[in-house]
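# Report on the structure
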Amino acid sequence: MLRIILIALFLLFSVRAYSQETDSIVDLSKITFNVDKADFKTLLDSSYLYSNTNPKLAIFFGLKALDKMPGNTDIYHKGKLLVTLGRSYHDLGDYPKAINYYFEELTLYHNNNGQYDKFIISTYINLGEAYRAVVDFKAALLHLNNALNLINKTGFSQHLSFALDRLSSVYFEIGTNNNDTSAILKAISYADSSLKLSRLEKDTGLICSNLNVIGACNTYLGNYKIAIKNYSEAESYYPRDEINRSNLLNNIANAYYILDDMDNAIKYAKESYDLAKPKGILIYLREATATLNRAHRKKGNYELALFYLEENSGYSFQLFNDENKNKLVAAERKYESEKNKKLFEDEKKNKLYLISLLALFAISGFTAFYLRQRYYKKQNFLLNELNQTKSKFISILSHDLRSPLTGINGLLEVLHTDYDSFSDEEKKDFISSVLDSTKNLYSLIENLLQWSKLQQGRYELTPETLNLAEIVNKVTALQKINAINKKIKIETRVNPEIKIKADENFLNTIIRNLLDNAIKYSNEGASVTIAAAQKNSCVEISVSDTGIGMDNETLSKLFKIEEHIRTKGTLDETGSGLGLLLVKEMVEKSGGSITAASQPHTGSTFTFTIPAA
């Protein structure tokens, strides 16, 4: 993961302290049985028992149970273990692992003649909630709507109120992220529907959640007093030690902060912090420390504000660990931290601060002038190099952007002109085709942007020691929905002890592109294998499929910008070939090499090397 040196120095203490806390050994002092000698059933029951109160302990017992699970374990108990592990990792903010266990559970229930439909509904809802947490609202809505469709089809209404509640949360976040009042009103509608059902079912947990969402919507709409009334009613239902109460307390604290009532904002945020801290629930701790930082700063308590800001930075780095989010969080926290430090120093050394500030301005001005001159010289050199490949790049760009845009334009024009003459099913087909084209266009643009950054030298390569198996598991978890849609089995053969030296963003992009191609060019029911082996000072990683393969002529054109390849996938998925160009660049910049082997109708294997740690 990309590290910004100045930020890393500033945040070193808070992030290190947080990591030591979360990685500490699980407290087993109150466990009354011998864990190592316990059987599968005892460990499973213990994991399930702690899943609502202590997710770390639930994971500890769950992984032990997974190791001891007999080969003849029935589907019900396997599913119970997988969902317990998924929800526990979810509570701790490790969403890739949670999603991986949810997909394993979903796969377990397939082809069982509807016997496990009620569990499939629950799993869809869990996936929707996990994707909501990683801000992938499209995937969240997809899975939650899958749950609703299955509820309507089967008549299993047990989870209807829960599905509506989670949909309300997704629309609330869409509204706040996009400043979309219509989405906020949708959130209120879904929450109201869920609330009516929850009251009939006397489900106090969901009543609390519904009121919490409605309160958050009213806060967004500026109805602060109504929001606090919603929150107060929700709090009356929650047990004092219920972990989700921490989320409610954060919302109450935020409402009081907006009302400029700093004492109550601090009171409720501190209560949320004290509730979430022993259990290590990152998302609630992050929100609580953010409010405590802002409220204490506003009251002039700069030492406390700085303390909570440093804690908040640690939680943010744990939760948002991809490059772009880390950059955003780090930059914001650095700015806020420096601001707090200066305010604190103001109280003691005002004169020294003014002198230092003037000196800083002078140095910054000189540095900016010097760097700007260097930047212009470097840009001139880069422009001369870029001109040599400009015509080839424009050729790729114009064709591959024009094709999907032409298709989208044509479909929409037909739909617009003859809308009333088409049946609902035909309209859905048109919309599905437009959606597929936009997805392909988005993927192309994403690869183009990354390739462009590499060409211009705008990406700072930051190698670090990484666990290869963990990276592979994260990428495969996010690709599983594509594999499931084509009934393709993804198998990983990566020793969990293998360590490599690489830039995490590079490695994610390399494996994602190769895995995406393997799925794209494989027929239904095929298999894809990711394997790795250490060879001297490097690790050899391969992505193999049993798909349609390539002839020698096509194989010889791979990785060459002048040989542009356009081959459709087995379900007519489109591809530009730019993904492989990007992969080759990233592998070589990482100190490795890449090769491809293939035979028509047999499959393909892409093998690349990365330095071992």
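Below is a short write-up of the structure.

Within the chain, the secondary structure is distributed over 22 helices and 7 strands. The 613 residues of the chain split such that 45% are buried. For the chain, contacts bridging at least 24 residues in sequence account for 68% of all contacts bridging at least 6. For the chain, the computed accessible surface area is about 32200 Å², with 53% contributed by carbon and sulfur atoms.

Our focus in this paragraph is the pattern of salt bridges. Counted according to the given criterion, the structure contains 20 salt bridges. Residues lysine 80 and aspartate 45 are paired through a salt bridge, measuring 3.9 Å at the closest nitrogen-oxygen approach. With lysine 80 in helix 4 (residues 75-91) and aspartate 45 in helix 2 (residues 40-50), the pair connects residues that are 35 residues apart, well separated along the chain. On the basis of relative accessibility, which here comes to 30%, the residue aspartate 45 falls in the partly exposed class. Salt bridges sharing partners connect three or more residues here, namely Glu129, Arg132, Asp165, Arg166 and Glu173.

Moving on to the sheet that holds strand 2 (residues 489-493). Pairing between sheet strands relies on hydrogen bonds along the backbone, with the strands arranged either parallel or antiparallel. With respect to topology, 5 strands assemble into an open sheet ordered 2-4-5-7-6, the strand pairing being mixed. In this open sheet, the two strands that pair with only one neighbour each are strand 2 and strand 6 (594-599). For this sheet, the mean angle separating the axes of adjacent strands, direction not counted, is 15°. Strand direction decides the pairing type here: strand 6 and strand 7 (residues 603-611), joined by 6 bridges, are antiparallel.

At aspartate 260, a residue that is not glycine, the phi angle is positive and equals roughly 65°. The residue aspartate 260 is located in the loop between helix 12 (245-258) and helix 13 (262-276) in this model. In this structure, asparagine 536 takes a positive phi of about 55° despite not being glycine. Tracing the chain through its elements places asparagine 536 in the loop between strand 4 (527-535) and strand 5 (538-545). Asparagine 536 gets classed as exposed once you look at its relative accessible area, which sits at 77%.

What follows covers the packing of aromatic side chains. The tally for this structure, following the rule as stated, stands at 13 aromatic pairs. Consider the rings of phenylalanine 33 and phenylalanine 61, whose centres lie 5.9 Å apart with planes at 35°: the pair is tilted. In this pair, phenylalanine 33 sits in the loop between helix 1 (5-22) and helix 2 while phenylalanine 61 sits in helix 3 (residues 55-68), placing the two residues 28 residues apart along the sequence. A residue is classified by how much of its surface remains accessible, and phenylalanine 33, at 29% relative accessible area, is partly exposed. Plain terms: the ring middles of phenylalanine 60 and phenylalanine 61 are 5.4 Å apart, the flat faces sit at 70° to each other, and that makes the pair edge-to-face. Here phenylalanine 61 falls in the buried class, since its relative accessible area comes to 0%. Each member of the aromatic cluster is reached from another via a ring pair, and the members are Phe33, Tyr50, Phe60 and Phe61. Over the ring of tyrosine 48 we find lysine 80, and its NZ or CZ is 4.6 Å from the ring centre. The aromatic ring of tyrosine 257 is capped on one face by lysine 298, whose charged end is 5.2 Å from the ring centroid.

Glancing now at helix 3. Look at helix 3: 20 Å from first C-alpha to last across 14 residues, which is about the 20 Å you get at 1.5 Å a residue. Residues of helix 3 that are buried include every one of Pro55, Leu57, Ala58, Ile59, Phe61, Gly62 and Ala65, and no others. Against the buried residues of helix 3 lie helix 2 and helix 4.

A few words now on the side chain of arginine 166. If you trace the backbone, arginine 166 turns up in helix 8 (residues 160-178). Taking the relative accessible area as the measure of exposure, arginine 166 reaches 10% and is therefore buried. In terms of polar contacts, arginine 166 uses its side chain to reach the side chain of aspartate 165, at 2.8 Å. Those residues in contact with arginine 166 that lie beyond four places of it in its chain are Ile125, Glu129, Arg132, Leu144 and Ser209.

Thresholds applied
- Residues numbered from 1 in each chain as written.
- Predicted model: local features only at pLDDT ≥ 70, side-chain atom pairs only at ≥ 80, totals over all residues.
- Heavy atoms only, no water.
- Helix = DSSP H or I, 4+ residues; strand = E, 2+ residues; numbered from the N terminus.
- Buried < 20%, exposed > 50% of the residue type's maximum accessible area, 1.4 Å probe, protein only.
- Contact = heavy atoms within 4.5 Å.
- Areas by Shrake-Rupley, 256 points an atom, 1.4 Å probe, with all protein chains shown as cover.
- Salt bridge = Lys/Arg side-chain N within 4 Å of Asp/Glu carboxyl O.
- Pairing = 2+ DSSP bridges.
- Axes fitted to C-alpha atoms, helices over the stretch in contact; angles between N-to-C directions.
- Phe/Tyr/Trp six-rings, centres within 6.5 Å; stacked < 30°, edge-to-face > 60°.
- Lys NZ or Arg CZ within 6 Å of the ring centre and 35° of its normal.
- Expected span 1.5 Å × (residues − 1).
- Polar contact = N/O pair within 3.5 Å; in protein donor to acceptor, adjacent residues only side chain to side chain.

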